[in-house]
Amino acid sequence: MSGTKNSSQFFTIGLVTAWYSSNIGVLLLNKYLLSNYGFKYPIFLTMCHMTACSLLSYIAIAWMKVVPMQTIRSRVQFMKISALSLIFCTSVVSGNISLRYLPVSFNQAIGATTPFFTAVFAYLMTLKREAWLTYVTLIPVVTGVVIASGGEPSFHLFGFIMCVGATAARALKSVLQGILLSSEGEKLNSMNLLLYMAPIAVVFLLPATLLMEENVVGITLALARDDSRIIWLLLFNSALAYFVNLTNFLVTKHTSALTLQVLGNAKGAVAVVISILIFRNPVSVTGMLGYALTVFGVILYSEAKKRSK
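All values reported here derive from a predicted model rather than from experimental measurement.

Participant: Please clarify how the pattern of salt bridges should be interpreted in this entry.
Facilitator: Should their charged atoms come close, side chains of opposite charge can pair. Considering all chains together, one arrives at seven salt bridges under this definition. With a closest N to O distance of 2.7 Å, E303 and K306 form a salt bridge. Of the two residues, E303 and K306 both sit in helix 12 (residues 285–308), three residues apart, roughly one turn of that helix. The class of E303 is partly exposed, set by a relative accessible area of 29%. The salt bridge partner of E303 is R307, with a shortest N-O separation of 3.5 Å. Here R307 and E303 lie together in helix 12, a separation of four residues that amounts to about one turn. The network of salt bridges with common partners includes K128, E130 and K305.

What follows is the structure, given as structure tokens:
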């Protein structure tokens with residue numbers, strides 16, 4: 001019995017490691033490509049990610065049967081998934097744009113405020129009220145980011161607005177998903193949702209890329225002639241973007257909600273430390289204290305939410 005328990009522990013540790021590596025890997029690679037490498041095409045980059053997610057989702061579900069395939073049952077359900085896909089696109093593109101201007105550490109600090117936006121949207125759209133204590137815990141979450149913004153040596157207003165937009169869109173997607181796909185017949189697990197959302201996202205992103213990032217394919221091919229690494233970086237980065245979703249799904253499936261929350265909070269902090277070591281972006285004590293306050297607020301928030309249930 002202890003053998004199976006040990007192997008399942010190893011499996012979980014392996015999964016969490018893969019989840020962390022793919023998550024932090026995508027973040028750092030995006031940052032490297034968009035600002036250090038000088039590949040200035042966040043929409044095209046997101047389109048590469050979505051194309052990879054479409055192909056790999058299909059392989060994982062249709063061929064490898066990682067999860068049973070769920071079909072779209074109605075036109076209404078398709079429209080709902082398209083709406084979620086559009087918000088999902090907006091979130092990823094805005095996040096990638098923000099990485100061009102902001103260090104990963106600050107990007108993560110803003111991203112940690114997701115619970116604040118989730119609570120706001122949940123209240124506005126479903127009039128679902130949380131216990132007052134839950135709202136109180138959101139004060140340090142927001143205050144922390146305000147402090148971190150004031151103390152951020154590399155603060156950039158446009159990057160900041162994009163990052164806040166990305167965080168808000170991510171929260172809006174999760175609230176909407178709960179509302180739109182709540183009936184039993186329409187519920188999709190996250191892997192199947194990605195299978196349908198990713199190709200729809202490509203359809204949205206293709207015209208946006210052509211309009212806003214002219215001749216990006218030609219430029220990328222020209223870059224590849226000088227430096228073939230760019231093609232491998234894009235392919236690897238896009239495959240990693242799918243593995244973020246896959247490992248996220250598997251970690252959710254094989255661990256408890258609480259473990260997931262703790263790991264999620266720690267992941268941001270790990271990403272911040274690694275990014276500072278790699279990119280050596282200047283950080284201030286104020287910035288770090290602000291970020292710490294936000295993470296502390298998020299932990300309090302998850303505690304308060306758990307107790308109010």
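Participant: Please explain helix 9 (residues 216–226) as it appears in this structure.
Facilitator: Note on helix geometry: an α-helix contains 3.6 residues per turn, so any two residues three or four positions apart are oriented the same way. For helix 9, every residue scored as buried is listed here: V216, T220 and A224. End-on view of helix 9: buried residues confined to an arc of 80°, all on one side of the axis. Residues of helix 9 that are exposed and angled more than 90 degrees away from the buried face: R225 and D226. Buried residues along helix 9 sit against helix 2 (42–63), helix 8 (190–212) and helix 10 (229–254).

Participant: Help me understand the UniProt feature "domain: Sugar phosphate transporter" (unreviewed entry) in the chain in this model?
Facilitator: UniProt feature "domain: Sugar phosphate transporter" (unreviewed entry): in the numbering of this structure it lies at residues 15–302. What you have in residues 15–302 is 82% helix and 0% strand, and the ends, taken at the C-alpha atoms, are 23 Å apart.

Participant: Would you mind going over the state of the cysteines with me for this structure?
Facilitator: A covalent bond between the sulfur atoms of two cysteines is what we call a disulfide. Counted according to the given criterion, the structure contains zero disulfides. Sulfur of C89: no disulfide; nearest cysteine sulfur belongs to C53 and is 11 Å away. This cysteine, C163, is not joined by any disulfide, and C89 carries the nearest cysteine sulfur, 17 Å off. Judged by relative accessible area, which is 3%, C163 ranks as buried.

Participant: Would you mind going over unusual backbone geometry with me for this structure?
Facilitator: A negative phi angle is the norm for most residues apart from glycine, just as the trans form is the norm for most peptide bonds. Unlike most non-glycine residues, N215 shows phi in positive territory, near 55°. For N215, the location among the structural elements is in the loop between helix 8 and helix 9. Positive phi, normally seen in glycine, also occurs at R280, with a value near 50°. Within the fold, R280 resides in the loop between helix 11 (257–279) and helix 12. Looking at R280, the relative accessible area reads 67%, which means it is exposed.

Participant: Even after reading the chapter, I still don't get the packing of helix 8 against helix 10, so can you show me in this structure?
Facilitator: Angle between the axes and distance between the axes are the two parameters that describe a pair of packed helices. Put simply, helix 8 and helix 10 touch, their axes get as near as 9 Å, and they point 155° apart. With respect to their mutual orientation, helix 8 and helix 10 come out roughly antiparallel. Each of S190, M191 and L194 in helix 8 lies in contact with helix 10, whose residues at this interface are Y242, N245, L246 and F249. The class makeup of the residues in the contact of helix 8 with helix 10 is five nonpolar, two polar and no charged.

Participant: I'm lost on the nonpolar core in this one. Help?
Facilitator: When a protein is soluble and globular, its nonpolar side chains tend to lie buried together. Ranked by size, the top nonpolar core spans 67 residues in total, and within it F39, F44 and I81 carry the most contacts. Looking at this core, the elements that each hand over two or more residues are helix 1 (2–36), helix 2, helix 3 (75–101), helix 7 (157–180), helix 8, helix 9, helix 10 and helix 11. In terms of residues, this core owes the most to one element, helix 8, which gives twelve residues. Beyond its immediate sequence surroundings of up to four residues, I81 is in contact with I72, L181, L188, L193, Y196, M197 and I200. L102, V145, A148 and C163 belong to the second-largest nonpolar core, a separate cluster that totals seven residues.

Participant: Sorry if this is basic, but what is going on with the side chain of N265 here?
Facilitator: Position of N265 among the secondary structure elements: in helix 11. N265 sits in the buried class, given a relative accessible area of 19%. Aside from chain neighbours lying at most four places away, what touches N265 is V298, I299 and S302.

About the criteria used
- Residues numbered from 1 in each chain as written.
- Predicted model: local features only at pLDDT ≥ 70, side-chain atom pairs only at ≥ 80, totals over all residues.
- Heavy atoms only, no water.
- Salt bridge = Lys/Arg side-chain N within 4 Å of Asp/Glu carboxyl O.
- Helix = DSSP H or I, 4+ residues; strand = E, 2+ residues; numbered from the N terminus.
- Buried < 20%, exposed > 50% of the residue type's maximum accessible area, 1.4 Å probe, protein only.
- Arc of directions from axis to C-beta.
- Contact = heavy atoms within 4.5 Å.
- UniProt positions renumbered as here; feature names shortened; annotations may be inferred.
- Disulfide = S-S within 2.5 Å.
- Axes fitted to C-alpha atoms, helices over the stretch in contact; angles between N-to-C directions.
- Parallel < 35°, antiparallel > 145°, perpendicular 65-115°, else oblique.
- Nonpolar A, V, L, I, M, F, W, Y, C, P; charged D, E, K, R; others polar.
- Core = buried A, V, L, I, M, F, W, Y, C linked by side-chain atoms within 4.5 Å.

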